[in-house]
Amino acid sequence: MSAALSTAHSVVEPTVTAKRVAAAVVILYALISLVPLLWIFATGWKTPPDSISYPPKIVFNPSLEGYCNLFTTRTRQTSEYIQALGPPQGICDKVTRQREMVIAGPSNYMPRFVNSLIIAFGSTFLAVSLGVLSAYAFSRFKIPLADDLLFFILSTRMMPPIAVAIPIYLMYREVGLSDTALGMILLYTAVNVSLAVWLLKGFIDEIPREYEEAAMIDGYTRLQAFFKVVLPQAATGIAATGIFCLIFAWNEYAFAVLLTSGSAQTAPPFIPTIIGEGGMDWPAVGAGTTLFLIPILVFTVLLRKHLLRGITFGAVRK
Amino acid sequence: MASVDAISNRPAAHRGLRGLSDRAIAWLFIAPTMILLLAINIFPLFWTIYLSFTNYASNRPNRPVVNVGLRWYRDILNSPEVWAAMQATAHFVFWTIVLQTVIGFGLAYLIDRKFRGHALWTTIILIPMMLSPAVVGNFWKFLYQPQIGLFNHVISFFTGIPASSFEMLGSVALAPWAIVIVDTWMWTPYVMLICLAGLRSIPDYIYEAAEVDRASKWRQFWSITLPMALPFIMLAVLFRGIENFKMFDMVTLLTGGGPGSTTELASITLKRQAFEAYRTGYSSAFAIILFVAVFGLANIYVKALNRVKQR
């Protein structure tokens, strides 16, 4: 509501003082809740000694060491060996040599990040495709036991992931899907499809039937009406649902850590295993975490209008 | 488009023959989802039920499988380890719900004062709940380090207690609260967002009528605001309750169930039994018990929720 439209004399409109107090408390909360995130972001730009200094350093000289360590593996060498090498190739080489080490090769972060992308986008595409078909059928046709089927679809989300993982682990071992991207895509699709059906049914319910009926009177078949009339109308809902599925698959840890170990491992199980010499390499963890979270921040901003619907499985709509 | 134009001149009866019937389309559209859920959710569920009556161990697949009847169910219900895990889970679920509901509702109430910029600050507050719980658990472990972590230093700055005198993750007394704090930090925005929808669903005219009747602001809050937002609050509690009953990722990364087994929640015990001790039969039985518990509690709760809605 813009200030010009709001009625100054309304008894419901909060007083100026009430608004100021509310604003102060909410902003304070928001800033405090951002501190952990800002801290991990800052840690990515510290050197390893700075990251574990006592007391913690708030002011520090930014360094690329965290990002360099994130993407490389290094081996310790004698200073004679390092001096015998030619001039350093690029900034990471230089930073590494200052620690009397040389870059041995790329780390596993990039492949894990790529796995996360493949599995998240693959499962989202499948879940939304299956979801939109089912949602349309539930929205438009009389289906026997529709409520029971919809509840069944939802109830598959109530199982603790570890409980689901036990038989999936055995099943995947039998059919050769263990530690494969395809196995993870199928699993995440199954988890996300329940959300997709529920959310998309809500979005499709909001599209007037008259649109399709008009199209069918004009000679479209039901399928043509679905693809050419309903799908374009539901585009926003489909996009919002897709982003929710992406976020779930991107963030998921329990299945990933139990069912993948190498070639199909995603970033969440990998990031906690980044260790340097003598313990966790916190700047590299900070760097890896920052890069991993950036897509989510973008999604949050894109989704802000549909968040409520997404997190309540469509139970609350604005 | 030419084919569409051609069809449009035909009588309606022929159209149904050309395309698929609505009934066929309905089943065609639903079938893929159902097949996937049957393969990835229902078939494994029945397999788990079957395994829970056997001595199967996933690291010894060639051992002859013997029916053990209800032995695992009896063992679980008599196991002090399981009851300790249930107690830890109950502590975690109860306190996270209490804190998140109180803080979340409070924030929603304040945001509903509609001060300038409230939409921007709401979006900023929402950020933690969008993050990966595992990654959150991992970096809070860093924040909680007694010597180098930020958390202890902030506490010591405000209270004067020396930063290295307490360990949030290493102490039996503090670790259960450490996981509650992180979960509250992460999920209060979730409760806030649902409460905000509840507050915004209350029409202005009810407050106007209350003003006419000279009801105090205090009275308005208890007689209008809270009862009318209650179904929304209960919905948020339901979702948080189910999620935290299943909690695994964040706590695993943060404490791994320690120190000792003070923060070993049900899902963590389940994971240890299934994937570290390889007691597949036993853990299957435990999984079934957990599922029945969540499902049963959620059903009872939904009934209560519907009663509140109808009032």
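Please read all numbers here as calculations on a predicted model, not as lab measurements.

## Things to note about the overall build of chain A
Within chain A one finds 16 helices and four strands. A globule of 318 residues ought to have a C-alpha radius of gyration of about 20 Å, yet chain A, at 26 Å, is considerably larger. Along the longest, intermediate and shortest principal axes, the C-alpha atoms of chain A span 85 × 70 × 40 Å. Within the span of chain A, comprising 318 residues, buried residues form 43% of the whole.

## Regarding the overall build of chain B
Looking only at helices and strands, one finds 14 helices and zero strands in chain B. Mapped from its N terminus to its C terminus, chain B presents α and β elements in the order α-α-α-α-α-α-α-α-α-α-α-α-α-α. By principal-axis analysis of the C-alpha atoms, chain B measures approximately 85 × 80 × 40 Å. For chain B, the proportion of its 311 residues judged to be buried stands at 40%. Excluding contacts between residues fewer than 6 apart, the proportion of contacts in chain B whose partners are at least 24 apart in sequence is 71%.

## Brief notes about the interface of chain B and chain A
Across the contact, 83 residues belong to chain B and 84 residues belong to chain A. Each residue belonging to the side of chain B that touches chain A can be placed in one class, and the counts come to 56 nonpolar, 15 polar and twelve charged.

## Considering the domain arrangement of chain B
On domain assignment, one finds that chain B holds domain 1 (13-51) and domain 2 (73-310). Placing the centre of domain 1 of chain B and that of domain 2 of chain B at their C-alpha centroids yields a distance of 36 Å.

## Re helix α9 (residues 181-205) of chain A
Residue and element names in this part refer to chain A. In this model α9 runs 34 Å from its N-terminal to its C-terminal C-alpha over 25 residues, within 8% of the 36 Å that 1.5 Å per residue would give. Within α9, the axis deviates most sharply at Asn192, by approximately 35°. Of all 25 residues in α9, 20 are buried, a share of seventy percent or more.

## Notes on the environment of Ile166 of chain A
Along the polypeptide, Ile166 of chain A turns up in helix α8 (residues 161-175). On a C-alpha basis, the gap between Ile166 of chain A and Leu259 of chain A in space is 9.5 Å, while along the polypeptide they are 93 residues apart. Beyond its immediate sequence surroundings of up to four residues, Ile166 of chain A is in contact with Thr48, Ala274, Thr280, Ser283, Ser284 and Ala287 of chain B.

## Points about the packing of helix α5 (residues 80-111) of chain B against helix α11 (residues 217-245) of chain B
Residues and elements named next belong to chain B. Where α5 meets α11, the closest approach of the two axes is 10 Å, and the angle between their N-to-C directions is 145°. Here the hand of the crossing between α5 and α11 comes out right-handed. Contact with α5, carried on its side by Thr89, Phe92, Val93, Thr96, Ile97, Gln100, Thr101 and Phe105, involves Ile233, Val237, Arg240, Gly241, Asn244 and Phe245 of α11 and no other residues of that element. Of the residues that constitute the contact of α5 with α11, the class distribution is seven nonpolar, six polar and one charged.

## Re unusual backbone geometry
The phi angle of most residues is negative, glycine excepted, and most peptide bonds adopt the trans form. With omega at -5°, the peptide bond leading from Tyr54 of chain A into Pro55 of chain A counts as cis. With respect to the helices and strands, Pro55 of chain A occurs in the loop between α2 (48-51) and α3 (65-71). Cis rather than trans, the peptide bond between Gly258 of chain B and Pro259 of chain B has omega equal to -5°. For Pro259 of chain B, the position within the fold is in the loop between α12 (249-254) and α13 (266-275). Its identity as a non-glycine residue notwithstanding, Leu145 of chain A has a phi of 60°, on the positive side.

## Here's the deal with the environment of Tyr278 of chain B
All names here are of chain B. When you line up the elements, Tyr278 lands in the loop between α13 and α14 (280-310). Judged by local crowding, Tyr278 falls into the partly exposed class, with 14 C-beta atoms found within 10 Å. The sequence separation of Tyr278 and Ala57 amounts to 221 residues, and the corresponding C-alpha distance is 5.6 Å. Discounting residues that sit within four places of it in the chain, Tyr278 has contacts with Ala57, Ser58 and Asn59.

Cut-offs applied
- Residues numbered from 1 in each chain as written.
- Chains lettered and ligands numbered in written order.
- Predicted model: local features only at pLDDT ≥ 70, side-chain atom pairs only at ≥ 80, totals over all residues.
- Helix = DSSP H or I, 4+ residues; strand = E, 2+ residues; numbered from the N terminus.
- Rg over C-alpha atoms; globule rule 2.2 N^0.38 Å.
- Buried ≥ 20, exposed ≤ 12 C-beta atoms within 10 Å, placed from the backbone.
- Contact = placed C-beta atoms within 7 Å.
- Nonpolar A, V, L, I, M, F, W, Y, C, P; charged D, E, K, R; others polar.
- Domains from an automatic or database assignment.
- Expected span 1.5 Å × (residues − 1).
- Bend = angle between axes of the 7 residues up to and from the residue.
- Axes fitted to C-alpha atoms, helices over the stretch in contact; angles between N-to-C directions.
- Left-handed = near helix turned anticlockwise from the far one by under 90°.

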